[in-house]
Amino acid sequence: MFNSLLQTFRVPDLRRKILFTLAMLGVYRLAAHIPVPGLDRAAMESVFSSAGAAGQLTRMLNLLSGGALENFSVVAMGVYPYITASIIIQLLTPLVPALEELSKEGEAGRNKISQITYWMTIPLAIVQAVAQIQLLNTQAFTGAATNVIDFGIGSPLNTITVLLSLTAGTMFALWLGERITEDGIGNGISIIIFGGIVAQIPRNMFVLARSSVPAVVFILVLTVLTAWAIVIIQEGHRRVPVQYGKRVRGQKTYGGQSTYIPLRVNSAGMIPLIFAGSLLVFPAVIGGLLANTPPGTGRDVGVWLQETFQLGSSWVYFLTYFLLVLAFTYFYTDVVFRQQNLHETLQRNGGFVPGIRPGRRTEEFLTTIVHRITLGGALFLGAVAVIPFFAQFLTPAGLGPTQSMIIDSTGLLIVVGVVLDTIKQLEAQLLMRNYEGFIR
């Protein structure tokens, strides 16, 4: 592996791609330290240090922004509006006939859908910026003495400036991601998120080291074992044999070969964790708002919600998290699988599963297999989601679930997935140049 890594830097083209990727990451990290106008740093720090709903939401958004929200920089929203737009388009494609037709038009159709996604990102970025700032400025939610930033009708100029800065920052982050995808190595958007997560590792290690050295050793071992399990599950797939019929044209015979369809155990990736984590924020948010109302108006319910659904506050939170991850894994996998239309593609190209009639029977057969193997992927994602809950009991008292892991569950899935994808791209580049790859 190390010899292959050295060979990578010896190839001028690959060396240029790697250096370009690192340079773009450096530019993004620089932008992540440029705050928006009118930021109250003390109020922002108090929100981040909160153990309640404010801390949960900001840490989730900070993860997806690549660590930029912590400074409330111009790229504080990162590429999250684009991710939201992509998920919306994926869910709407089988429901909207026009989008479904575009998805079947090959490269031209995919480019058109990509353009629609980019245009949808702009209004979503504005809406998310408004919602994010208003939520952080709600004192009943954050518990801060002052607003995080001047925003609203009373400060029109600063409001417009902040909205333009955050929206432009999101589009700038997307532009950097596109440059990395085209001229660098790996998926640019994933690389940007990856860089922000990795940048937080030294601070998390320092927090653990101050508490206990055995805690650091234990968490390191747990992180390595979890990463190993993620690799096994992410790369696991069920091979469904496929046979192509022979076609005779003139004196030549085409087709007749055998191959297989690799159905992944976890084809949903980390999307179910993001869905479930985002949804679990709302009970704590509602509880925080109701807890500040007069008695008799739902205050008791608000206090219960706030205490129950604060991050790591009870087993109910993690049990709900586990069940939501299972549900979203099946939901998202089913949506993505139906969009692929594998049975139609096979029938159109003269392929069939041995012993299964082409068409609807093939669709039912493949769907049954996907549902069965998804159970293993869903249970694994659920287990990864609740690892911090058990880790906090094995680390020194006072460390919550967010401090008891070097990288949280969603972040670890992203890191491992990005590393695997990047290594595969580097390996393909090396093999194309007759070098041995990283994985033998």
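All of the points below concern the structure found in this document. In this text, all values refer to a predicted model and were calculated from it rather than measured experimentally.

## Some remarks on the overall build of the protein chain
Along its length, the protein chain carries 18 helices and five strands. Going through the 440 residues of the protein chain one by one, you find that 47% of them count as buried. Considering only intrachain contacts with a sequence separation of at least 6, the fraction spanning at least 24 residues in the protein chain is 71%. Accessible surface, the protein chain: about 22000 Å² in total, of which carbon and sulfur atoms supply 64%.

## A word on helix H12 (residues 213-235)
Counted at 1.5 Å a residue, the expected span for H12 with its 23 residues is 33 Å, and the 33 Å between its end C-alpha atoms agrees. Along H12, the residues classified as buried are Ala215, Val216, Ile219, Leu222, Thr223, Thr226, Ala227, Ile230, Ile233 and Gln234.

## A word on the side chain of threonine 367
The topology assignment puts threonine 367 in helix H17 (residues 360-391). A polar atom in the side chain of threonine 367 sits 2.7 Å from the backbone oxygen of glutamate 363.

## Here we look at helix H15 (residues 315-340)
What sets the pattern is the α-helix's 3.6 residues per turn: residues three or four places apart point alike. End to end, H15 covers 38 Å across 26 residues, agreeing with the expected 38 Å (1.5 Å per residue, within 8%). Buried residues of H15: Tyr317, Phe318, Tyr321, Val325, Leu326, Phe328, Thr329, Tyr332, Thr333, Val335, Val336 and Phe337, and no others.

## Quick notes on the packing of aromatic side chains
In total, this model carries two aromatic pairs according to the counting rule given. Taking the centre distance of 6.2 Å and the plane angle of 20° together, the rings of phenylalanine 172 and tryptophan 175 count as stacked. Residue phenylalanine 172 and its partner tryptophan 175 are located together in helix H9 (residues 156-183), separated by three residues, close to a single helical turn. We classify tryptophan 175 as partly exposed; its relative accessible area is 45%.

## Structural notes on the pairing of strand E1 (residues 237-244)
Strand direction decides the pairing type here: E1 and strand E4 (residues 258-264), joined by seven bridges, are antiparallel. Residue pairing in the sheet places histidine 237 in a bridge with arginine 264 of E4. As judged from the two bridges shared by E1 and strand E5 (residues 351-352), these two strands associate in the antiparallel manner. Looking across to E5, one finds that glutamine 243 is bridged to phenylalanine 352.

## Quick look at the nonpolar core
Within the largest apolar cluster, 58 residues are counted, with the highest numbers of intra-cluster contacts made by Val79, Ile193, Tyr321 and Val325. Residues in contact with valine 325, not counting those within four places in the same chain, are Pro272, Leu273, Ala276, Ala378, Leu381, Gly382 and Ala385. In this structure, Leu39, Met44, Ala76 and Leu136 belong to the second largest nonpolar core, which totals 18 residues.

## Some remarks on the environment of lysine 17
Along the chain, lysine 17 turns up in helix H2 (residues 12-31). Assessed through its relative accessible area of 12%, lysine 17 is described here as buried. A sequence separation of 164 residues divides lysine 17 from threonine 181, and the C-alpha atoms of the two residues are 9.9 Å apart. What lysine 17 contacts, discounting residues up to four positions off in sequence, is Glu182, Asp183, Gly184 and Ile185.

## Let's talk about the pattern of salt bridges
Counted according to the given criterion, the structure contains seven salt bridges. One salt bridge in this structure joins glutamate 182 and arginine 179, with 2.6 Å as the shortest N-O distance. Of this pair, glutamate 182 and arginine 179 both sit in helix H9, three residues apart, roughly one helical turn. On the basis of relative accessible area, arginine 179 is assigned to the buried category, the value being 19%. Taking the shortest distance from any N to any O, the salt bridge between glutamate 364 and arginine 360 comes out at 3.4 Å. Of the two residues, glutamate 364 and arginine 360 both sit in helix H17, four residues apart, roughly one turn of that helix. Each of Glu235, Arg264 and Lys424 takes part in one network of salt bridges that share partners.

## Regarding the packing of helix H10 (residues 188-199) against helix H18 (residues 409-432)
One can describe the packing of H10 onto H18 by two numbers: an axis separation of 9 Å at closest approach and a directional angle of 125°. On the basis of their axis angle, the class for H10 and H18 is oblique. Considering only the axes of H10 and H18, their crossing is left-handed. Of H18, the residues touching H10 (which contributes Ser190, Ile191, Ile193, Phe194, Ile197 and Val198) are Gly411, Ile414, Val415, Val418, Val419 and Thr422. A per-class count over the contact of H10 with H18 returns nine nonpolar, three polar and no charged.

## A closer look at the sheet that holds E4
Read across the open sheet, the three strands follow the order E4-E1-E5; overall the sheet is antiparallel. Two strands in the sheet have a free side with no partner beyond their single neighbour: E4 and E5.

## A few points about the environment of leucine 39
One can find leucine 39 in the loop between H2 and helix H3 (41-48). Sequence separation between leucine 39 and phenylalanine 72 is 33 residues; the distance between their C-alpha atoms is 7.5 Å. Residues contacting leucine 39, with those up to four places away along its chain left out, are Met44, Asn71, Phe72, Val148 and Ile149.

## Quick word on a nonpolar patch on the surface
The grouping of Val213, Val217, Val221 and Leu225 at the surface amounts to a nonpolar patch, some 370 Å² of accessible area in total. You can see valine 213 is positioned in helix H12.

## Description of the packing of H12 against H18
Between H12 and H18, the shortest axis-to-axis distance is 10 Å and the interhelical angle comes to 55°. Here H18 runs oblique to H12, going by the angle between their axes. For the element pair H12 and H18, the recorded crossing hand is right-handed. Residue-level inspection shows Thr223, Thr226, Ala227, Ile230, Val231, Gln234 and Glu235 of H12 in contact with H18, the latter providing Leu412, Leu413, Val416, Leu420 and Lys424.

## Side note on the environment of leucine 102
With respect to the secondary-structure elements, leucine 102 resides in helix H6 (residues 97-103). Leucine 102 sits 11 residues away from isoleucine 113 along the chain, and the two C-alpha atoms are 7.1 Å apart.

What counts, and where the lines are drawn
Residues numbered from 1 in each chain as written. Predicted model: local features only at pLDDT ≥ 70, side-chain atom pairs only at ≥ 80, totals over all residues. Heavy atoms only, no water. Helix = DSSP H or I, 4+ residues; strand = E, 2+ residues; numbered from the N terminus. Buried < 20%, exposed > 50% of the residue type's maximum accessible area, 1.4 Å probe, protein only. Contact = heavy atoms within 4.5 Å. Areas by Shrake-Rupley, 256 points an atom, 1.4 Å probe, with all protein chains shown as cover. Expected span 1.5 Å × (residues − 1). Polar contact = N/O pair within 3.5 Å; in protein donor to acceptor, adjacent residues only side chain to side chain. Phe/Tyr/Trp six-rings, centres within 6.5 Å; stacked < 30°, edge-to-face > 60°. Pairing = 2+ DSSP bridges. Core = buried A, V, L, I, M, F, W, Y, C linked by side-chain atoms within 4.5 Å. Salt bridge = Lys/Arg side-chain N within 4 Å of Asp/Glu carboxyl O. Axes fitted to C-alpha atoms, helices over the stretch in contact; angles between N-to-C directions. Parallel < 35°, antiparallel > 145°, perpendicular 65-115°, else oblique. Left-handed = near helix turned anticlockwise from the far one by under 90°. Nonpolar A, V, L, I, M, F, W, Y, C, P; charged D, E, K, R; others polar. Patch = residues over 30% accessible without salt bridge, like charges linked within 9 Å, V, L, I, M, F, W, Y side chains within 5 Å.

All quantities given are derived from atomic positions and should not be read as evidence of function.
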